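# Observations on chain architecture
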Amino acid sequence: MESRGDAEISQVLSLFAAIAYGIASLAMVFINKAILMQYAHSMTLLTLQQLATALLIHLGRVLGYAKAKDLNLLTAKRLLPVSIFYNANVAFALASLKGVNIPMYIALKRLTPLAVLLAGLFRGRGKPSKQVSLSVMLTAVGVIIAAIGDFSFDLFGYSMALTSVFFQTMYLVLVERSGAEDGLSSVEIMFYNSFLSLPFLLFLIIATGEFPSSLSLLFAKSTSISFLVIVILSLLMGIVLNYTMFLCTIVNSALTTTIVGVLKGVGSTTLGFVLLGGVQIHGLNVTGLVINTAGGVWYSYAKYQEKKNKSPRIISDVESHRR
């Protein structure tokens, strides 16, 4: 009776994690695009997001609201690659948003399932099913067609987005493995990630010359209420996105997080045509985006069918604290 109750809690937690990550990820794309249209220093923005995350979790631990173990040097060493890949993914994604419109950005990020499948092959997980392979190919074809019809084509932005796909794949695989093997909760992984990120990011903003001019510009723009609201939203949503992403990956899998990202992209693509501007509509571009979206939905359906036919191992946040 107890095991059945635990299973039901795990199913609810899995569903909540997936939905929460989808909503947070959808909102974060538009918030980041909005702030980067006014404030181009993406590395400083990422540093502030990580600093806010680390401080909030530490405050939660001190006040007893957040359950997290003390910092462990051995665990920090194991999670260092996760932090590096995470920050590289976000940094390249933010850089790509400077020059790529949201529909094309989402289309390019939909190549992540292809990268995850290739990573799975290298890890010896076997060949994907025919439906999965065809859906991934359709997604890739859609990206190519959409890119040909993209009047606002930005080579630098495209390169940044594709590099981001690589790093996103690597950190998703590492997060799934780290959470499962080390028995860490999403809050603990998020705290380690933020804590380990700060020295690396501080070095980058100084080395690239963003600091201190980026802070001067930030203080100058803080007199604008609308800009201040967007910055605060960005910091808060950065925390929410990190938490829901790690939670979804731990209680479900890296693949589930990728599928949620693909489905979220349907809404992002649609809204991207009408919000924040920067999109020049062309028949070939729209056709490619429709094909890309169809491939993403097909891929999600195929993976869902595969998951239904298996009994996946679910590791919950609650179970991680029982170990």
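Thresholds, definitions, all that
- Residues numbered from 1 in each chain as written.
- Predicted model: local features only at pLDDT ≥ 70, side-chain atom pairs only at ≥ 80, totals over all residues.
- Heavy atoms only, no water.
- Helix = DSSP H or I, 4+ residues; strand = E, 2+ residues; numbered from the N terminus.
- Buried < 20%, exposed > 50% of the residue type's maximum accessible area, 1.4 Å probe, protein only.
- Contact = heavy atoms within 4.5 Å.
- Phe/Tyr/Trp six-rings, centres within 6.5 Å; stacked < 30°, edge-to-face > 60°.
- Lys NZ or Arg CZ within 6 Å of the ring centre and 35° of its normal.
- Axes fitted to C-alpha atoms, helices over the stretch in contact; angles between N-to-C directions.
- Parallel < 35°, antiparallel > 145°, perpendicular 65-115°, else oblique.
- Left-handed = near helix turned anticlockwise from the far one by under 90°.
- Nonpolar A, V, L, I, M, F, W, Y, C, P; charged D, E, K, R; others polar.
- Expected span 1.5 Å × (residues − 1).
- Patch = residues over 30% accessible without salt bridge, like charges linked within 9 Å, V, L, I, M, F, W, Y side chains within 5 Å.
- Areas by Shrake-Rupley, 256 points an atom, 1.4 Å probe, with all protein chains shown as cover.
- Salt bridge = Lys/Arg side-chain N within 4 Å of Asp/Glu carboxyl O.
- Bend = angle between axes of the 7 residues up to and from the residue.
- Core = buried A, V, L, I, M, F, W, Y, C linked by side-chain atoms within 4.5 Å.

Within the protein, the secondary structure is distributed over 13 helices and zero strands. Along the protein, from the amino end to the carboxyl end, the secondary structure elements read α-α-α-α-α-α-α-α-α-α-α-α-α. The burial tally for the protein puts 51% of its 323 residues in the buried class.

Mapped onto the elements, Gln49 comes out in helix H2 (residues 42-63). Residue contacts for Gln49: discarding those within four places in its chain leaves Met28, Asn32, Ser234 and Leu235.

The full count for this structure, using the stated rule, is eight aromatic pairs. With centroids separated by 5.6 Å and ring planes inclined at 10 degrees, the aromatic side chains of Phe92 and Phe167 adopt a geometry described as stacked. Placement of Phe92 in helix H3 (residues 73-97) and of Phe167 in helix H7 (residues 155-182) is noted, with a sequence separation of 75 residues between them. You can call Phe92 partly exposed: its relative accessible area is 26%. Consider the rings of Phe191 and Phe195, whose centres lie 6.2 Å apart with planes at 25 degrees: the pair is stacked. Taken as a pair, Phe191 and Phe195 lie in helix H8 (residues 186-207) at a separation of four residues, close to a single helical turn. Looking at Phe195, the relative accessible area reads 41%, which means it is partly exposed. Sitting over the face of the ring of Phe227, Lys221 holds its NZ or CZ atom 5.7 Å from the ring centroid.

Here we come to the packing of helix H4 (residues 102-109) against helix H11 (residues 254-272). Where H4 contacts H11, the axes come no closer than 8 Å and their chain directions differ by 160 degrees. Here H11 runs roughly antiparallel to H4, going by the angle between their axes. Regarding H4 and H11, the two cross each other, and that crossing is left-handed. Of H11, the residues touching H4 (which contributes Ile102, Pro103 and Ile106) are Lys264, Gly265, Ser268, Thr269 and Gly272. Among the residues making up the contact of H4 with H11, the classes are represented as three nonpolar, four polar and one charged.

A few words now on unusual backbone geometry. A cis amide bond, omega 10 degrees, links Phe211 with the succeeding residue Pro212. By secondary structure assignment, the location of Pro212 is in the loop between H8 and helix H9 (213-221).

What follows concerns the side chain of Gln168. As for its position among the elements, Gln168 is in helix H7. Residue class for Gln168 comes out buried when judged on its relative accessible area of 11%. Once residues lying within four places of it in the same chain are set aside, the contact partners of Gln168 are Tyr21, Asn89, Lys109 and Thr112.

On the secondary structure map, Gly157 appears in helix H7. Take Gly157: its relative accessible area is 0%, and that puts it in the buried class. Spatially, the C-alpha atoms of Gly157 and Leu94 are 9.5 Å apart, while their sequence positions differ by 63 residues. Once residues within four sequence positions are removed from consideration, Gly157 is found in contact with Ser96 and Val100.

What follows is about H2. An ideal rise of 1.5 Å per residue puts 32 Å on 22 residues; H2 measures up with 32 Å between its terminal C-alpha atoms. Those residues of H2 lying buried are Ser42, Met43, Thr44, Leu45, Leu46, Thr47, Gln49, Gln50, Thr53, Ala54, Ile57 and Gly60. Note on H2: the residue one or two positions beyond its end, Gly64, has a positive phi of about 85 degrees.

Turning to a nonpolar patch on the surface, a few remarks are in order. A cluster of nonpolar side chains, namely Leu56, Leu59, Val62, Leu63 and Tyr65, defines an oily patch on the protein surface of about 580 Å² accessible area. Locating Val62 in the fold gives a position in helix H2.

The end-to-end C-alpha separation of H11 is 26 Å, in line with the 27 Å expected for 19 residues at 1.5 Å each. A bend of about 25 degrees at Gly265 is the largest found in H11.

Core analysis: the largest hydrophobic core is formed by 70 residues, its most contacted members being Ile35, Met104, Tyr105 and Tyr171. With residues near it in sequence (within four places) discarded, Ile35 still touches Leu45, Phe227, Ile230, Val231 and Ser234. Core analysis: the next-biggest nonpolar cluster, separate from the first, contains six residues, Leu117, Val132, Val136 and Ile259 among them.

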